[in-house]
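Structural description and commentary
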Amino acid sequence: MIEDGDITRTRIYADVMAASNDGTVPLHRDWLLGYEIDGERLPLIDPQGRGIRNPGDWRYTLSVTTTENGKYPDRETQPGVWQYPYCINKHGNVDSSNSKLFQAHADGVPLLYFYKPMPYTYLPVGMVVPIARDDSSEEFTIALSEGRVPLSTSSSTVERKWTEALVQRRLHQPRFRALVMSAYDERCAICALPEATLLDAAHIRGDKDPNGQPVVENGLALCSIHHRAYDNRQIGIDEDLRLHVRKDVLEVTDGPVWEHALLELPGRSLSVVPKSRKDRPDPYRLGLTFKEYLEQA
Ligand SMILES: [Zn+2]
């Protein structure tokens with residue numbers, strides 16, 4: 001049996017981050033259920049699909065998961081701090097599965113935190129510690145645990161790397177990417193290129209802009225070329241989703257790729273638009289960026 005402990009948790013976290021390319025590539029449910037450490041299988045999420053994973057002989061919860069549009073959505077109250085609801089059973093009572101989370105709160109034990117934007121798809125958000133519990137609202141407050149995990153000599157390098165990765169990571173980016181890729185069916189909005197590894201979740205308004213929230217209506221799935229050209233304001237997209245190309249770009253003729261990627265665009269509309277109206281590009285934000293395009297044109 002695998003012993004619970006800081007070192008075990010740190011090793012698991014390092015494996016999860018490596019498998020997810022530092023939290024940017026979603027992990028499949030099967031990978032999480034089939035996870036092995038020292039030759040023993042240790043599912044990292046609940047096999048029954050609950051949002052809380054309590055290995056049978058462990059004293060503390062191993063992971064918690066938030067499902068997009070789940071019955072009990074979490075709320076991020078400030079960057080890196082969430083309200084996480086107690087698990088309620090079908091009789092409407094606080095489920096016994098919470099007891100190991102209560103224990104983790106009492107002893108300050110870090111847990112893996114996953115976000116599940118769609119079925120079978122899990123993004124590791126980070127390691128969190130339950131820092132408070134409120135029995136009247138039946139919620140935990142969980143917070144990213146940078147620097148909270150005691151550094152043990154044998155694993156200090158791994159832990160330091162993990163803490164640094166957490167600090168540097170733009171937490172919202174993986175979540176944003178997963179939602180944008182799903183909304184655009186993993187195709188470039190401009191050319192419909194269907195290759196996820198060559199696609200980015202582009203912001204219509206950059207994340208330093210007041211309108212630059214990491215929400216689908218501020219996003220576009222774009223291939224690398226079209227992303228760069230859109231960010232450079234060489235391509236414009238107006239409020240009616242029509243495409244424009246800057247004059248100096250149109251004057252260049254540089255072979256078939258250039259022609260196909262840029263010269264054929266004027267007068268056309270976006271090739272791929274999300275099926276759901278609420279996921280479509282926000283005309284207001286498009287307009288702000290289009291204005292910047294026109295100023296350069
Ligand atoms: Zn493209």
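A short tour of the structure in this document, coming up. (Residues numbered from 1 in each chain as written. Predicted model: local features only at pLDDT ≥ 70, side-chain atom pairs only at ≥ 80, totals over all residues. Heavy atoms only, no water.)

Quick look at the overall build of the protein chain now. If you tally the helices and strands in the protein chain, you get nine helices and 14 strands. Looking at the protein chain as a whole, 46% of its 297 residues are labelled buried. Put simply, 59% of the contacts in the protein chain that link residues at least 6 apart link residues at least 24 apart. Carbon and sulfur atoms form 50% of the exposed surface of the protein chain, whose accessible area is close to 15,100 Å². (Helix = DSSP H or I, 4+ residues; strand = E, 2+ residues; numbered from the N terminus. Buried < 20%, exposed > 50% of the residue type's maximum accessible area, 1.4 Å probe, protein only. Contact = heavy atoms within 4.5 Å. Areas by Shrake-Rupley, 256 points an atom, 1.4 Å probe, with all protein chains shown as cover.)

Attention now goes to the coordination of the zinc ion. A metal bound by six donors in octahedral fashion has ideal angles of 90 or 180 degrees, whereas one bound by four tetrahedral donors has an ideal angle of 109.5 degrees. Protein coordination at the zinc ion comes from Cys188 (SG), Cys191 (SG), Cys223 (SG) and His226 (ND1), with a distance range of 2.1 to 2.4 Å. For the zinc ion, all donor residues lie on one chain, and their spacing in sequence is C-x2-C-x31-C-x2-H. According to the relative accessible area criterion, Cys188 is buried, its value standing at 0%. (Donors = N, O, S within 2.8 Å, 3.2 Å for Na, K, Ca; no water.)

This part covers unusual backbone geometry. Its identity as a non-glycine residue notwithstanding, Asp38 has a phi of 50 degrees, on the positive side. One can find Asp38 in the loop between strand 2 (36-37) and strand 3 (40-41). For Asp185, which is not glycine, the phi dihedral falls at a positive 55 degrees. Note that Asp185 resides in the loop between helix 5 (172-183) and strand 11 (199-203).

A separate point is the nonpolar core. Tyr184, Ile190, Leu220, Leu222, Tyr230, Ile237 and Leu270 are the most contacted members of the largest nonpolar core, which has 32 residues in total. Those elements that place two or more of their residues in this core are helix 5, strand 11, strand 12 (219-223), helix 6 (224-231), strand 13 (235-237), strand 14 (243-245) and helix 8 (255-263). In contact with Tyr184, not counting residues within four places along its chain, are Ala189, Gly219, Leu220, Ala221, Val272, Val273, Pro274, Asp279 and Pro281. Core analysis: the second largest hydrophobic core is formed by 21 residues, Tyr60, Val109, Phe140 and Ile142 among them. (Core = buried A, V, L, I, M, F, W, Y, C linked by side-chain atoms within 4.5 Å.)

The next thing to look at is helix 6. When helix 6 is considered as a whole, its buried residues turn out to be His226, His227, Ala229 and Tyr230. For helix 6, the elements touching its buried residues are strand 11, strand 12, strand 13, helix 8 and helix 9 (283-296). Positive phi shows up at Arg233, right after helix 6, with a value of about 60 degrees.

Okay, the pattern of salt bridges next. For the coordinates displayed, the defined rule picks out 15 salt bridges. Note that Asp46 and Arg50 form a salt bridge whose closest N and O atoms lie 3.4 Å from each other. Given a relative accessible area of 7%, Asp46 falls into the buried group. The exposure class of Arg50 is partly exposed, given its relative accessible area of 38%. A salt bridge links Arg133 to Asp135; the shortest N-O distance between them is 3.0 Å. (Salt bridge = Lys/Arg side-chain N within 4 Å of Asp/Glu carboxyl O.)

With respect to the element layout, Leu262 can be found in helix 8. Setting aside anything within four residues of it in sequence, one finds Leu262 in contact with Ala229, Ile235, Val245 and Val249.

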